[in-house]
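# What the coordinates show
Letter by letter, the chains look like this.
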Amino acid sequence: MAALHAEVRDLLVIVSVICLILAILFPGTYYWTEARRNNTCRNNMRSVAQGIAQYEGARNFLPGFSQGAPRRSLVYELLPFMDRMDLHRAYPPGSGNKVPEVYLEYLACPQNPRSLDRHSANTSIVFNVGLPDAVNATPSDLPANGLFFDLRTSKTMTSQFLVDHDGTTNTLMLSERLDAGKWTSTIEAEIGFVWHPRYARPVANAGADRYFSVRPNSNHPGVVNVGFADGHVRTLSTGIDYRVYAQLMTPHGDGATYPATMQPVPESFRNHPLPEGY
């Protein structure tokens, strides 16, 4: 009987040691996996930023999109600078040939399952499109408010504009979004992220409210990856103060203006010193 008790005791000790090892290893495995996925997401964002820089180097302005005929998506404009000249040549705007829903790996984030569907054109990376476009207004948005616009109704944008005002290191260019649309979309709300004084807090309403409040989000715990106009990528807290977020969105915060009325946005949303670290 004593021998049996000793065997049971030894078995319990072994089980306890195994449980202790697993308790140590599992959190480390989780954090390692998250770090690997986060790094992949950042690298993909850097690739898109490089494509944008190459586009501007060739065209002397930033890419845009067109929500009217001939429709073309912002990513479509970048295809020649991201090793997909084949797609760009095969489906020219106005040809009547619809761009197929091809999976582009550099638009995915491992923490966003929708963007990993290789049978879809879902994207996880979206673009700073400023204020939501003003309906039936020309221009529909203004350079002071964001970076990428509907080129039918707004002027082209250049990095020099940022250099002359708030700077490339302080202006958001790219972000993640879990609920983004397809990269083939020409709809601003599906391929971008916006800001608006009316929606200083995130809302989850459908319809127009959702359009006015689409903003960066991710499955990374407490943070979201963002890319700035100078090409650097970092994380922002998902709890960032909305006014700070608005300042980072605007390349010329002091000049931020509603395009429909040409009235300046409230002073509290215009440039103030950015808090350290934000």
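Residues numbered from 1 in each chain as written. Predicted model: local features only at pLDDT ≥ 70, side-chain atom pairs only at ≥ 80, totals over all residues. Heavy atoms only, no water.

### Examining the pattern of salt bridges
In total, this model carries six salt bridges according to the counting rule given. Two residues, R152 and D150, come together in a salt bridge whose shortest N-O distance is 2.8 Å. Assessed through its relative accessible area of 46%, R152 is described here as partly exposed. What makes D150 buried here is its relative accessible area of 1%. (Salt bridge = Lys/Arg side-chain N within 4 Å of Asp/Glu carboxyl O. Buried < 20%, exposed > 50% of the residue type's maximum accessible area, 1.4 Å probe, protein only.)

### What about the environment of F127?
Here F127 lies in strand 1 (residues 125–128). Residue F127 is classed as buried on the basis of its relative accessible area, which comes to 1%. Taking the C-alpha atoms as reference points, F127 and V75, separated by 52 residues in sequence, lie 9.8 Å from one another. Ignoring sequence-local partners within four residues, the contact set of F127 consists of V48, I52, L74, V75, L78, F148, M173, L174, I191, G192 and F193. (Helix = DSSP H or I, 4+ residues; strand = E, 2+ residues; numbered from the N terminus. Contact = heavy atoms within 4.5 Å.)

### A short note on the sheet that holds strand 2 (residues 172–176)
Judged by pairing direction, the sheet is mixed, and its five strands sit side by side in the order 3-1-2-4-5 without closing on themselves. Each end of this open sheet is capped by a strand with a single partner; those strands are strand 3 (192–193) and strand 5 (233–237). Sheet topology places strand 1 next to strand 2; three bridges connect them, and they run antiparallel. The residue bridging F127 from the neighbouring strand is L174, located in strand 2. Its contacts with the sheet put helix 7 (residues 242–249) on strand 1, strand 2, strand 3, strand 4 (223–228) and strand 5, and the angle it makes with strand 2 is roughly 120°. (Pairing = 2+ DSSP bridges. Axes fitted to C-alpha atoms, helices over the stretch in contact; angles between N-to-C directions.)

### Some details on the nonpolar core
With 36 residues, the main nonpolar core has V48, I52, F127, F148, L174 and W183 as its most contacted residues. Per element, the largest residue contribution to this core is five residues, and it comes from helix 1 (residues 2–59). Discounting residues that sit within four places of it in the chain, V48 has contacts with L78, M82, Y106, L107, I125, F127 and L174. V126, A246, L248 and V265 belong to the second largest nonpolar core, which has 20 residues in total. (Core = buried A, V, L, I, M, F, W, Y, C linked by side-chain atoms within 4.5 Å.)

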